[in-house]
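What the coordinates show
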Amino acid sequence: MQTVRLVNWCFCRSSSYTFLVTVSFLVRRTLTAFITLFLAAVMVFSALLIVPGDPVQLIIGLNNDPVQYKVLSQQLGLDKPPLERFGRWILGLARGDLGQSTSLSAPVKDLILTRLPVTLPLILASSLLAVLIALPAGIFAARRKGTVFDLGMVLLTQIGLAIPSFWLGLIFILVFAVTLRWLPAISSSVTWTENPVGAFRNLILPVLTLALGQAAGLVRMVRSSVLEVLSQDYVRTARGKGLLESVVIQKHVLKNAAIQILTLIGIQLGQLLAGAIIVESVFNLNGLGKLGLSAVKTSDFPLVQGVVFSIAVMIVLINLIVDLLYGALDPRIRYD
Amino acid sequence: MTKNLENLYARKSEANLVFGALVFGFLIMCAIIGLIWTPYPPNAQDFAAQLVSPSLAHPFGTDNFGRDTLSRMLRGASTSVLVGIISVGIGSGFGLLLGSLAGFFGGLLDDIISRILDATSAFPTVLLALLISTAFRPSVWSAMLAVGISSIPTFARLTRAGVLSVKNLEYVDSARALGVSNSRILWRHILPNVAAPLLVQGTFAFGVAILAEAALSYLGLGTQPPQASWGRMLFDAQTFIYNSAWATIFPGVIIAITVLGLNLLGDGLRDRFDPQGR
């Protein structure tokens, strides 16, 4: 009895126990992410099932050509029962095959891959800019909690959250393109390899639009996580030791707030993916969002489903990575 | 917190509440006026008065079809309020149902509902709108459905957390011991505790819905022409941005003020219900 207890005790205190707990967390968390993805796939698939009436008729419209009808319904797999169709679709997804677009007659996957070089730089640059604005602003507001500066900053973020991103984009066009004539109102279709300067100029206003809206939310979150750390005992101790305030902020506050802020950046990337759809439309950027919107107009189900599902996959994966990093970065977090 | 700081925060949340309530009241008033009377019929075209700058006859100017911007903004307020009511209705209704089932019964049911909510949150509103409007054709109804569905997870998680926090308290146990039925315990003893956070969330969701409807209509996934909607007005205005800046400015300012008002109202209500959480 005694030895068993002793062994148990040793095992619990040893790092291999912690290791096992961590591994079981990683496995569980990854499994949940896959269940979420599966359910998301079910939801995306159901879009074709809930169509009132005949989806094929919806796509070809008034053009009543029996041959085209047959080809299209075969292409959508509508000649087979829903369950078999779903099985094939899921197997295709697992192989990275998103089906064939009905309006652009090309594989959906290729269409999406050609648009990523537009959308990804937009999102990454906006995310970076939003963080660069929000970090100093949020920390500054938190350190001056309750002052006019803090209240002003909070009000400013409220206004930022209320302004629609597409309207902010329109105002930027009005100011920088129509009035000042510094930048083009509508982006030209140049690629990064052809004309890097032109591609960069195309991105300036869209990135500014997306980043400012995003920064508004981020400032509030940075402010409250810094405030939370500032109220901890170890911060009081550090101040009590007579450390310079700048040292307290850098060594104690920021280091601890960083983990929460990392989570925020992860959440933010997901929101930016959605925001990009709107902003691409304002500035006529040929990204994923424009692809999805044009697919709605032509009732191109495989393309809409492919775009929606691939963005959902990115969001779920980003959340998974952030959750896993969270534990890796902060040894205090235990999973049991 | 020092006395001064506490005073400052109390005054701030009081101001939020008053400003938010005023904006909300004004919005509802405009929505009702927009339904019964507008200076001009909102869809009436007047080709003698295209893209007119603000004047006495047209206080907010006219658009490219010579339609009066003020009249269209009043009718647009009705659209926004309708979208707000229906989508918050969908979100809070299903959220309350799923959240209380998950929280009250727990176990496998809780797991299943939680996974479905996770999957729903993987789709931002715009993505849901893309799916739904491909299936049903874009309309103000498909937009409401998308906005409503994407707000379900937040309402459901709030309800679930609220139910979990009170379901094992003694007064619930004693009600159960008295033989009160599950549905009555849930409805009479548990859910009233969730009412305040849900009301606050409802206020925020109303603002989100108005913002989302404007964005979806701008993208062509919401209100269809010639129906008036703030987002659609901005889409039309973009084509004529070089000729008439007015048309770009007014609807945007109104959207921003409305959403700001609703957010501040939500903040104010939250502080009122939960003064500790400031």
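Keep in mind it's a predicted model, so treat the numbers as computed, not measured.

Calculation notes
- Residues numbered from 1 in each chain as written.
- Chains lettered and ligands numbered in written order.
- Predicted model: local features only at pLDDT ≥ 70, side-chain atom pairs only at ≥ 80, totals over all residues.
- Heavy atoms only, no water.
- Helix = DSSP H or I, 4+ residues; strand = E, 2+ residues; numbered from the N terminus.
- Buried < 20%, exposed > 50% of the residue type's maximum accessible area, 1.4 Å probe, protein only.
- Contact = heavy atoms within 4.5 Å.
- Areas by Shrake-Rupley, 256 points an atom, 1.4 Å probe, with all protein chains shown as cover.
- Lys, Arg positive; Asp, Glu negative; His and termini not counted.
- Charge placed at Lys NZ, Arg CZ, Asp CG, Glu CD.
- Buried area = accessible area lost by both parts, 1.4 Å probe.
- Salt bridge = Lys/Arg side-chain N within 4 Å of Asp/Glu carboxyl O.
- Polar contact = N/O pair within 3.5 Å; in protein donor to acceptor, adjacent residues only side chain to side chain.
- 1 Å grid on protein atoms, 1.4 Å probe; cavity = no way out; pocket = protein on both sides within 12 Å on 5 of 7 lines; lining within 4 Å.
- Points joined across faces, edges and corners; volume = space filled by probe spheres on them.
- Nonpolar A, V, L, I, M, F, W, Y, C, P; charged D, E, K, R; others polar.
- pLDDT = per-residue confidence, 0-100.
- Phe/Tyr/Trp six-rings, centres within 6.5 Å; stacked < 30°, edge-to-face > 60°.

Turning to the overall build of chain B, a few remarks are in order. Of the regular secondary structure elements, chain B holds 10 helices and zero strands. Along its sequence from the N terminus, chain B presents helices and strands in the succession α-α-α-α-α-α-α-α-α-α. Expressed as lengths along the three principal axes of its C-alpha atoms, the size of chain B is roughly 75 × 55 × 30 Å. Every one of the 278 residues in chain B was classed for burial, and the buried ones make up 53%. Sequence separation of at least 24 residues holds for 71% of the intrachain contacts in chain B that already meet a minimum separation of 6. Summing over all exposed atoms, chain B offers an accessible surface of approximately 12400 Å²; the carbon and sulfur share of this is 67%. Each charge class in chain B was averaged separately, 18 positive and 15 negative side chains, and the resulting centres sit 3 Å apart.

Okay, the interface of chain A and chain B next. The interface is formed by 52 residues belonging to chain A together with 46 residues belonging to chain B. Across the chain A/chain B interface, buried area totals approximately 4300 Å², and carbon plus sulfur atoms make up 79% of it. Looking at the side of chain A facing chain B, the largest losses of area belong to Phe 166, Trp 167 and Leu 170 of chain A, adding up to 14% of the total buried there. Counting across the interface, chain A meets chain B through one salt bridge. Our enumeration of links across chain A and chain B arrives at five residue pairs in polar contact (both at pLDDT 80 or more). When residues of the side of chain A that touches chain B are traced back to their parent elements, those giving at least two are helix H2 (15-49), helix H7 (148-162), helix H8 (165-179), helix H9 (196-230), helix H11 (245-283), helix H12 (288-297) and helix H13 (301-329) of chain A.

All names here are of chain B. All chains considered together, the criterion is met by two cavities of 30 Å³ or more. Roughly 100 Å³ of internal volume is contained in the largest cavity. What lines the largest cavity is Leu 51, Asp 63, Asn 64, Arg 67, Thr 69, Arg 72, Met 233, Asp 236, Ala 237, Phe 240, Ala 247 and Pro 251. Put simply, the parts of the chain that give the lining of the largest cavity at least two residues each are helix H2 (69-105), helix H9 (230-239) and helix H10 (246-273). Ranked by residues supplied to the lining of the largest cavity, first place goes to H9 with three residues. Its residues assigned to classes, the lining of the largest cavity shows six nonpolar, two polar and four charged.

Turning our attention to the pattern of salt bridges. The tally for this structure, following the rule as stated, stands at 14 salt bridges over all chains. When the shortest N-O distance is used, the salt bridge between Asp 150 of chain A and Arg 223 of chain A registers 2.7 Å. Taken together, the residues Asp 150 of chain A in helix H7 and Arg 223 of chain A in helix H9 connect sequence positions 73 residues apart. Put simply, Asp 267 of chain B and Arg 270 of chain B hold a salt bridge, and the shortest N to O gap is 2.9 Å.

Along the chain, Pro 225 of chain B connects to Pro 226 of chain B via a cis peptide bond; the corresponding omega equals 5°. Residue placement: Pro 226 of chain B occurs in the loop between helix H8 (195-219) and H9. Its identity is not glycine, yet Asn 284 of chain A carries a phi of approximately 55°, on the positive side. Mapped onto the fold, Asn 284 of chain A is located in the loop between H11 and H12. Even without a glycine there, the phi angle at Ser 299 of chain A is positive, about 50°. When you line up the elements, Ser 299 of chain A lands in the loop between H12 and H13.

On to the confidence of the model for chain B, then. Per-residue pLDDT for chain B averages 89, and the proportion of residues at 70 or more is 98%. Under the prediction, the complex receives an ipTM of 0.89, its pTM being 0.89.

Applying the stated criterion across every chain yields a total of 13 aromatic pairs over all chains. Seen in terms of ring centroids, Phe 45 of chain A and Trp 89 of chain A are 5.9 Å apart; in terms of plane orientation they differ by 40°. Their pairing is tilted. Taken as a pair, Phe 45 of chain A in helix H2 and Trp 89 of chain A in helix H5 (residues 82-94) lie far apart in primary sequence, 44 residues in all. For Trp 89 of chain A, a relative accessible area of 14% puts it in the buried group. Ring geometry for Trp 246 of chain B and Phe 250 of chain B: centres 5.8 Å apart, planes at 15°, overall stacked. Taken together, the residues Trp 246 of chain B and Phe 250 of chain B, both in helix H10 and four residues apart, mark about one turn of the helix. Put simply, the rings of Phe 38, Phe 45, Phe 86, Trp 89 and Phe 309 of chain A touch in pairs and so form one group of aromatic residues.

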